[in-house]
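Structural overview
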Amino acid sequence: PFFLYLAHWAPHSPLQALKADYDALAHISNHTERVYAAMIRALDRGVGQVMDALRENGLEDNTIVIFTSDNGGAHYLGLPDINQPYRGWKTTFFGGGIRVPFFIKWPTSIAPGTEYQPYTHHTDLLPTLMAAAGAGLPQDRVIDGVNLLPYISGEVAGEPRDALFWRSGHYQVVIADGWKLQRSARPDRVWLFNLRDDPTEQVELSSQYPARVTELI
């Protein structure tokens, strides 16, 4: 048994790419976009090296591979559309800041092409991987995450939790029952969105649903 954690530097600032990757993307006219795309090309190659090594060592079918990110794209990269269609950036709790890729590959246990729609969180990784390994969770602390395997397989229906919470200092967010409330002290305000109807958070509803605001606070 083994565990590998690869924190790939690309695509992070500073935006720098190999000339060969840059030259391969001559169809992209915007220089910044082209450099960023070249960095994605390098990321893809790096992931490919890991997958190739698993295959060459006969480990591909029974190794769990997870590809994800810690946050959405940053505003300071100079790419205004980087998180489209979602609003916001890294360090915000709008969708552009917290919606990230989350792929799991485990050929012996998860059917290729499986899609799981309910909200998940990185805290789910620990209990999911522990369950996959047949190990028990630590009993000396509260574990916030949920084992996603029975939900992904369809063995258990519904969503794994009632609510998700984020906090960074004075800035707090909750998603519950299809609603999302953001509250900050600087500026002093709240934002309320109905994610079922408005997943990209364009229509702010706090003045129309004050009782919902109170409930989520």
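Now for a description of the structure that goes with this document.

Conventions used here
- Residues numbered from 1 in each chain as written.
- Predicted model: local features only at pLDDT ≥ 70, side-chain atom pairs only at ≥ 80, totals over all residues.
- Heavy atoms only, no water.
- Patch = residues over 30% accessible without salt bridge, like charges linked within 9 Å, V, L, I, M, F, W, Y side chains within 5 Å.
- Areas by Shrake-Rupley, 256 points an atom, 1.4 Å probe, with all protein chains shown as cover.
- Salt bridge = Lys/Arg side-chain N within 4 Å of Asp/Glu carboxyl O.
- Helix = DSSP H or I, 4+ residues; strand = E, 2+ residues; numbered from the N terminus.
- Buried < 20%, exposed > 50% of the residue type's maximum accessible area, 1.4 Å probe, protein only.
- Pairing = 2+ DSSP bridges.
- Core = buried A, V, L, I, M, F, W, Y, C linked by side-chain atoms within 4.5 Å.
- Contact = heavy atoms within 4.5 Å.

Some remarks on a nonpolar patch on the surface
A cluster of nonpolar side chains, contributed by Phe2, Leu4, Leu6 and Leu59, occupies part of the molecular surface with about 410 Å² of accessible area. The topology assignment puts leucine 59 in the loop between α2 (31-56) and β1 (65-68).

Let's talk about the pairing of strand β5 (residues 179-185)
The buried fraction of β5 amounts to five of the seven residues, a majority that puts the element mostly inside the structure. Examined bridge by bridge, strand β4 (residues 171-176) and β5 share five bridges and lie antiparallel to one another. Its bridge partner being in β5, isoleucine 175 is matched across the sheet by lysine 180. Between the end of β4 and the start of β5, which pair antiparallel, lie two residues, with aspartate 177 showing a positive phi angle near 55°. Two successive antiparallel strands, β5 and strand β6 (residues 188-194), enclose a turn made up of two residues.

Observations concerning the nonpolar core
One recurring pattern in soluble globular proteins is that nonpolar side chains are buried together. Among the nonpolar cores identified, the biggest contains 10 residues, and these are Phe93, Phe94, Leu164, Trp166, Tyr171, Val173, Ile175, Trp191, Phe193 and Leu195. If you list the elements that add at least two residues to this core, you get β3 (163-168), β4 and β6. What tryptophan 166 contacts, discounting residues up to four positions off in sequence, is Phe93, Ile98, His121, Tyr171, Gln172, Val173 and Ile175. By size, the runner-up hydrophobic cluster in this structure holds eight residues, among which are Val174, Ala176, Trp179 and Leu216.

These figures come from the coordinates and say nothing about function on their own.
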